[in-house]
Amino acid sequence: MATARNGRELFTILETSADAESNSLCVSQDSPLNLSADVKWFEIPYKKPDSEEDDACEAEEEEEGEGENGFDATVDQDAAGVSSGLACNILVVTASNGLTHEEDDYVEDSFYSTSTNCSDNTSNDSDIDFSDLEEEQERRSFCSLEDELEVDCSVADFWGEPDQVISIEPFSAPSGPQHSLGDDADSRDYFRILFPDSLFEHMVEQTNSYALYRQRRSGKTDPHWHPTDVREMQAYVGLNILMGINQLPDTGMYWASDIFIGNAGFKKTMTARRFEKLTQYLQLCERESEPERGERGYDGLFKIRPLLDMLENTMWDAYIPNRCLTVDKCAIVVKGRFSPAQYMPSKPLKKGLNVWMLCDSRSGYCHRTKISVGKPRDDETAACLGYRVVTSLVRGLEGQYHHLFMDSFFTSVPLLQRLLQDGLYACGPTHPARKGYPEVLRPRNVGKLSQGEFYQCQRGNLVATVTRDVKVINCLSTNSAPGIVGISPGKQQSDTEGGGDSDSGDSSGFGLPRPLPVLLYQENMRGVDLCDQLRECYLVGRPCKKWWRYFLWFYINLCIVDAYIIQRESRGGTPPTGFNGKQFTQRHFRVRLAQQLIGDYQGARGMERAARKRHADSPIEYGHRLERMSERSRRCRNCTNKGLRHESVFGCKICNVHLCRGGCFSEFHK
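Quick caveat: nothing in here was measured; it's all calculated off a predicted structure.

Scoring rules and cut-offs
Residues numbered from 1 in each chain as written. Predicted model: local features only at pLDDT ≥ 70, side-chain atom pairs only at ≥ 80, totals over all residues. Heavy atoms only, no water. Helix = DSSP H or I, 4+ residues; strand = E, 2+ residues; numbered from the N terminus. Expected span 1.5 Å × (residues − 1). Buried < 20%, exposed > 50% of the residue type's maximum accessible area, 1.4 Å probe, protein only. Contact = heavy atoms within 4.5 Å. Core = buried A, V, L, I, M, F, W, Y, C linked by side-chain atoms within 4.5 Å. Salt bridge = Lys/Arg side-chain N within 4 Å of Asp/Glu carboxyl O. Phe/Tyr/Trp six-rings, centres within 6.5 Å; stacked < 30°, edge-to-face > 60°. Pairing = 2+ DSSP bridges. Patch = residues over 30% accessible without salt bridge, like charges linked within 9 Å, V, L, I, M, F, W, Y side chains within 5 Å. Areas by Shrake-Rupley, 256 points an atom, 1.4 Å probe, with all protein chains shown as cover. Right-handed = clockwise from strand over helix to strand, strands pointing away. Axes fitted to C-alpha atoms, helices over the stretch in contact; angles between N-to-C directions. Parallel < 35°, antiparallel > 145°, perpendicular 65-115°, else oblique. Left-handed = near helix turned anticlockwise from the far one by under 90°. pLDDT = per-residue confidence, 0-100. Polar contact = N/O pair within 3.5 Å; in protein donor to acceptor, adjacent residues only side chain to side chain.

Caption draft 1: Local environment of helix H6 (residues 197-218). When the terminal C-alpha atoms of H6 are compared, their 32 Å separation across 22 residues agrees well with the 32 Å that a helix rising 1.5 Å per residue should span. The set of residues buried in H6 consists of Leu199, Phe200, Met203, Val204, Gln206, Thr207, Asn208, Tyr210, Ala211, Tyr213 and Gln215. The elements touched by buried residues of H6 are helix H5 (187-194), helix H7 (230-245), helix H9 (272-281), helix H10 (305-318) and helix H19 (586-598). Note on H6: the residue one or two positions beyond its end, Gly219, has a positive phi of about 75 degrees.

So, in structure tokens, the structure goes:
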């Protein structure tokens, strides 16, 4: 049967009625690639009408009730397996350029105007640039892409009918965690795979160097600062991890004297002043050698470059990617005004720092990240942004036949052609105005769609699809055959199983039929979301005035999530030795990691108490003496311990306490 839209016979239509039998699904028992087993699917073989006369004859035969509609009986049997009570129309394109119209009949909206760029310049995300990518090399690679491809995607005869057989190579590469840890390994050992001890040593070295650099610039010495070491830095990071689990409004509340608010473990580890000093001088780079803006070798991410270089290798080597991967954007919550922060009015998080991530679709493990900083220098840079992001994230996966799933910001015809040449399959929604998208599938030509309708065009493995679910979806894919429709179990099925009554009278128990590319996208576009869910449950670090600190705590938190995923998959869900709970969750992993990072470390407060006890007999012999502490008087520690309130400007600098000039000095040291 043929149908006409706007008076022109353009599409072959397959109708499924409410009386269709539910046991006539696709004959093949194997589900399409990457599709869940509970999704019911069937294939619509494509058949092009021989001529307009044949179409008219087929229409007349249907009106006479002869039951013939231009498809084989087996096609009707397969299509009838939607489910009883479901009525839908599945449409398949029969010609790529058979759609002609007068210019006066259609006025194209400015939003869908034809663009020569692969990225929509009107997007909110198009004003991002990468300072950690070689821009000139990537720009030359993108600009020469059309010369490398066999056929330009913008030519009129690029797209054809959806009747070609696609070829998908099987994925056979090894995947999963890669380490040599034994069964007795604990949380600290898995975290060390991603965040090695050499990074802590680097943080200690640069923090001590930066403290001296600040004191030289100010011309004053900081009496409350002394050099740190690796054990103290690990304890400092451990306390920040615990702050994400036990969240309080202010940092000083962890050291409060109130027994209901203060934390005894924090007080034992280090003093509040020492924690503030470590936060003040924490550094990752050599600030004296940092190039200024405009100088040769300037890097916008210079402050965290050592961290990025180290984690890029450890995160990539610790876990070999699985078949299905996700490319998406992650936002970091910030407080304050930062030039790298971006305003995103359409997102739940209106303002934040953006990071592009390549994550595993099944576990959420993050393999690689790229930070977005600044705005593009010109329109050419904005056009090739999505192309540069994806090609840089998947570098090293060529020829392994992974399946990438990305959102509409990245997906374009040139990008999918490039990935297909590199042995990578991809799928994702796209903007209909982008270069190379079929003209016949643009909104002005398709018109208004009903739910469940879809049109497709094809060129080799590249398939373009337009369909309507809740809204119109434009999709490009290289890993799904045309004409395959799947029906996922819908809400009505759960209501029916629970005994509820349906007001609509449709008790089919299945959702809306969707083309295979849309189903694959919905099933596998979740890797970054899974990673964000694990990461945002327990944030690490506190809000600050330095933008690079947000990235530091973000990557530490990301390493914790990846380490938890590695431990979970390596042990098969078995908790580590010494854990007595029923289920080893991420919260247990973080608590054990923080406890192992802190260990038995005892900071300045513990050492002061030990010194006072050791030198109580003759405090002056060991350097303890009463001297002026500050211009402002503070409460006497000895009187406070006795429940009295006296203030003094004198005290003991070694013990770092204020004491009265009377007998409080000797009494306190006893």
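Structure shown, so let's carry the discussion forward.
Caption draft 2: Broad picture of unusual backbone geometry. Located in the positive-phi region is Tyr401, a residue other than glycine, with phi close to 60 degrees. Unusually for a residue other than glycine, Asn656 sits at a positive phi of about 60 degrees. Here Asn656 lies in the loop between strand S21 (650-652) and strand S22 (657-658).

Caption draft 3: Structural view of the nonpolar core. Counting 79 residues, the largest nonpolar core has Phe195, Tyr236, Met270, Met357 and Tyr555 as the members making the most contacts within it. The biggest single contributor to this core is helix H18 (residues 547-570), with 17 residues. If we skip the residues at most four places from it in the chain, Tyr236 touches Met270, Phe275, Leu278, Thr279, Leu282 and Trp553.

Caption draft 4: Main features of the pattern of salt bridges. The final tally for this structure, using the stated rule, is 22 salt bridges. Note that Glu439 and Arg444 form a salt bridge whose closest N and O atoms lie 2.4 Å from each other. By relative accessible area, Arg444 is classed as partly exposed at 25%. Note that Arg535 is salt-bridged to Glu536, the shortest N-O span being 3.5 Å.

Caption draft 5: The packing of aromatic side chains, seen in detail. Inspection of every chain in the model, using the stated rule, returns 20 aromatic pairs. Seen from their ring centres, Tyr236 and Phe275 are 5.0 Å apart, and the 45 degrees between their planes marks the pair as tilted. With a gap of 39 residues between them, Tyr236 in helix H7 and Phe275 in helix H9 connect regions that are remote in the sequence. Phe275 shares its class with Tyr236; the two are buried. Ring centres 6.2 Å apart and planes at 50 degrees place the aromatic pair Tyr236 and Trp553 in the tilted group.

Caption draft 6: Structural detail: the sheet that holds S21. Taking strand neighbours across the sheet as the criterion, the 3 strands line up as S18-S21-S22 in an open arrangement whose pairing is antiparallel. Edge positions in the open sheet fall to strand S18 (627-628) and S22, since each of these has one partner strand only. Pairing of S21 with S22 involves 2 bridges; the strand directions are antiparallel. Looking at S22, one finds that Cys652 is bridged to Val657.

Caption draft 7: Quick look at the pairing of strand S14 (residues 462-468). For S14, a buried count of 6 out of 7 residues is recorded, marking the element as mostly surrounded by other parts of the structure. Bridge analysis of strand S13 (residues 454-459) against S14 gives 6 bridges, and the strand direction is antiparallel. From the neighbouring strand, Gln458 faces S14, where its bridge partner is Val463. Linking S13 to S14, which pair antiparallel, is a turn of 2 residues; within it Gly460 sits at a positive phi near 65 degrees. As judged from the 6 bridges shared by S14 and strand S15 (residues 472-477), these two strands associate in the antiparallel manner. Its bridge partner being in S15, Thr467 is matched across the sheet by Ile473. Hairpin remark: S14 followed by S15, antiparallel, with 3 residues in the connecting loop.

Caption draft 8: A nonpolar patch on the surface, seen in detail. Taken together, the side chains of Ile259, Phe260 and Ile261 present a nonpolar region at the surface, about 390 Å² in accessible area. Here Phe260 shows up in the loop between H7 and helix H8 (264-269).

Caption draft 9: Examining the pairing of strand S12 (residues 425-429) more closely. Where burial is concerned, most of S12 is hidden: 5 out of the 5 residues are buried. Both faces of S12 are covered, namely the face carrying Tyr425, Cys427 and Pro429 and the face carrying Ala426 and Gly428. In the sheet, strand S11 (residues 403-406) pairs with S12 via 3 bridges, with the strands oriented parallel. Among the inter-strand pairings, Phe405 is bridged to a residue of S12, identified as Cys427. At this point the chain moves from S11, through helix H13 (residues 413-421), to the parallel S12, and the crossover so formed is right-handed. One ladder, built from 3 bridges, connects S12 with S15; its direction is antiparallel. From the neighbouring strand, Gly428 faces S15, where its bridge partner is Leu476.

Caption draft 10: Structural detail: helix H16 (residues 516-524). For H16, a buried count of 7 out of 9 residues is recorded, marking the element as mostly surrounded by other parts of the structure. All of the buried residues in H16 are Leu516, Pro517, Val518, Leu519, Leu520, Glu523 and Asn524.

Caption draft 11: A look at the packing of H7 against H19. Contact geometry of H7 with H19 gives a least axis separation of 7 Å together with a crossing angle of 155 degrees. Of the possible angle classes, the one that applies to H7 and H19 is roughly antiparallel. Note that H7 runs across H19; the crossing there is left-handed. Within the contact between the two elements, H7 uses Gln234, Ala235, Val237, Gly238, Leu239, Ile241, Leu242 and Ile245 and H19 uses Arg587, Arg590, Val591, Leu593, Ala594, Leu597 and Ile598.

Caption draft 12: Structural detail: the packing of helix H17 (residues 527-537) against H18. Running from amino to carboxyl end, H17 crosses H18 at an angle of 110 degrees, the nearest separation of the two axes being 9 Å. Between H17 and H18, the crossing angle belongs to the class labelled roughly perpendicular. As for how H17 packs across H18, the hand of that crossing is right-handed. Where H17 approaches H18, its residues Cys531, Leu534 and Arg535 are matched on the opposing element by Phe554, Asn557, Leu558, Val561 and Ile565.

Caption draft 13: Quick peek at the confidence of the model for the chain. On average, residues of the chain score 76 in pLDDT, and 67% of them reach the 70 mark or higher. A low-confidence stretch, residues 1-29 (pLDDT under 50), is modelled with 85 contacts involving residues beyond four sequence positions or located in other chains. Note that residues 56-139 has pLDDT below 50 and, in this model, 217 contacts with residues that lie over four places away or in other chains.

Caption draft 14: Looking closely at the environment of Gln421. Assignment of secondary structure puts Gln421 in helix H13. For Gln421, a relative accessible area of 44% gives the class partly exposed. A C-alpha to C-alpha distance of 8.9 Å links Gln421 and Glu398, two positions 23 residues apart in sequence.

Caption draft 15: Just the side chain of Arg514, in detail. Within the secondary structure, Arg514 is located in strand S17 (residues 510-515). Here Asp469 takes part through its side chain, which lies 3.4 Å from a polar atom of the side chain of Arg514.

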